[in-house]
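Fold and geometry: a report
In case you want the letters, here they are:
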Amino acid sequence: MKEKILIVEDNPQNVRLIEMTLKSKNYTLLKATDGEEALDMATRERPDLIIMDLRLPKMNGLEVTRKLRENPTFSHTPVIGVTAYAMKGDREKVLESGCDAYLSKPINTRELPEVVAKMLSQQRKITPDLKGDEFV
Ligand code: MN
């Protein structure tokens, strides 16, 4: 089954860039452009991985990630936080919110698909049987 990736990003140029880096892989790409849409979309679609811009309209990415982690459905879903923040301590703040990884902007088009592939393969090892039981 195709793995579903939710791209949460409010800047259309960045959305296109992220899509471009992932389009050669066999993923289903879903998109959300603000924090509330991200939560709705995640709840409805249960993506296998989320790429989360942290500066978003309505609800920022840290808050969205914290809310997702409160829901057992998303306790193990890999979340990659993406941000232009470069302040000291931000990395810690991002990881504290529940993100599993942190990438800074501008997006590195080689690094992103590698991190995505790596996290999806780790995820498959952690929860090999979970996928089919989630809806029981
Ligand atoms: Mn943004």
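Let me begin by describing the structure that accompanies this report.

With respect to the sheet that holds strand β2 (residues 27-32)
Pairing is parallel across the open sheet formed by five strands, whose spatial order is β2-β1-β3-β4-β5. In this open sheet, the two edge strands, each paired with only one partner strand, are β2 and β5 (101-104). Across this sheet, the average inter-strand angle for adjacent strands is 20°, counted without regard to direction. Here strand β3 (residues 49-53) runs beside strand β4 (residues 79-83); their pairing, made up of four bridges, is parallel. Residue Met52 lies in a different strand from β4, and its bridge partner there is Gly81. Strands β3 and β4 of the sheet are contacted by helix α3 (residues 61-70), whose axis makes an angle of about 150° with β3.

Side note on the coordination of the manganese ion
Asp10 (OD), Asp53 (OD) and Arg55 (O) make up the full set of protein donors to the manganese ion, lying at 2.0 to 2.2 Å. When the donors of the manganese ion are listed by position in the chain, the intervening gaps give D-x42-D-x1-R. Here Asp10, found in the loop between β1 (3-8) and α1 (12-22), pairs with Arg55, found in the loop between β3 and α3; they are 45 residues apart in sequence, far enough to count as distant. Residue Arg55 is classed as exposed on the basis of its relative accessible area, which comes to 57%.

Points about the pairing of β4
Burial analysis of β4 places five of its five residues in the buried class, which makes it a mostly covered element. Every second residue of β4 is oriented toward a common face, with Val79, Gly81 and Thr83 on one face and Ile80 and Val82 on the other, all of them buried. On the question of chirality, the crossover connecting β3 to the parallel β4 by way of α3 is right-handed. Both β4 and β5 contribute to a ladder of four bridges, which runs parallel. Within β5, the residue paired with Thr83 across the bridge is Ser104.

Points about the environment of Leu56
With respect to the helices and strands, the residue Leu56 is situated in the loop between β3 and α3. The class for Leu56 is buried, based on a relative accessible area of 11%. Taking the C-alpha atoms as reference points, Leu56 and Ala38, separated by 18 residues in sequence, lie 9.8 Å from one another. Each residue touching Leu56, except ones within four places of it in the same chain, is listed here: Val8, Glu9, Asp10, Thr33, Asp34, Gly35 and Gly61.

Things to note about α1
The complete set of buried residues in α1 reads Asn14, Val15, Ile18, Thr21 and Leu22. Down the axis of α1, the buried set is contained in an arc of 130°. They therefore lie on one face. Exposed positions of α1 whose direction lies more than 90 degrees from the buried face are Pro12, Gln13 and Arg16. Of the residues that open α1, the one with a side-chain oxygen 2.8 Å from the backbone nitrogen of Gln13 is Asn11.

Observations concerning the pattern of salt bridges
Within this structure, the stated rule accounts for six salt bridges. Here Lys4 and Glu45 are joined by a salt bridge, their closest N and O atoms 3.0 Å apart. Taken together, the residues span a long stretch of sequence, with Lys4 in strand β1 and Glu45 in helix α2 (residues 35-45) at a distance of 41 residues. A salt bridge links Arg69 to Asp100; the nearest nitrogen and oxygen atoms lie 2.8 Å apart. Within this pair, whereas Arg69 is found in helix α3, its partner Asp100 is found in the loop between α4 (90-96) and β5, the two being separated by 31 residues in sequence. Looking at Asp100, the relative accessible area reads 42%, which means it is partly exposed. It is possible to trace a salt-bridge network through shared partners that takes in Glu9, Asp53 and Lys105.

Calculation rules
Residues numbered from 1 in each chain as written. Predicted model: local features only at pLDDT ≥ 70, side-chain atom pairs only at ≥ 80, totals over all residues. Heavy atoms only, no water. Pairing = 2+ DSSP bridges. Helix = DSSP H or I, 4+ residues; strand = E, 2+ residues; numbered from the N terminus. Axes fitted to C-alpha atoms, helices over the stretch in contact; angles between N-to-C directions. Contact = heavy atoms within 4.5 Å. Donors = N, O, S within 2.8 Å, 3.2 Å for Na, K, Ca; no water. Buried < 20%, exposed > 50% of the residue type's maximum accessible area, 1.4 Å probe, protein only. Right-handed = clockwise from strand over helix to strand, strands pointing away. Arc of directions from axis to C-beta. Polar contact = N/O pair within 3.5 Å; in protein donor to acceptor, adjacent residues only side chain to side chain. Salt bridge = Lys/Arg side-chain N within 4 Å of Asp/Glu carboxyl O.

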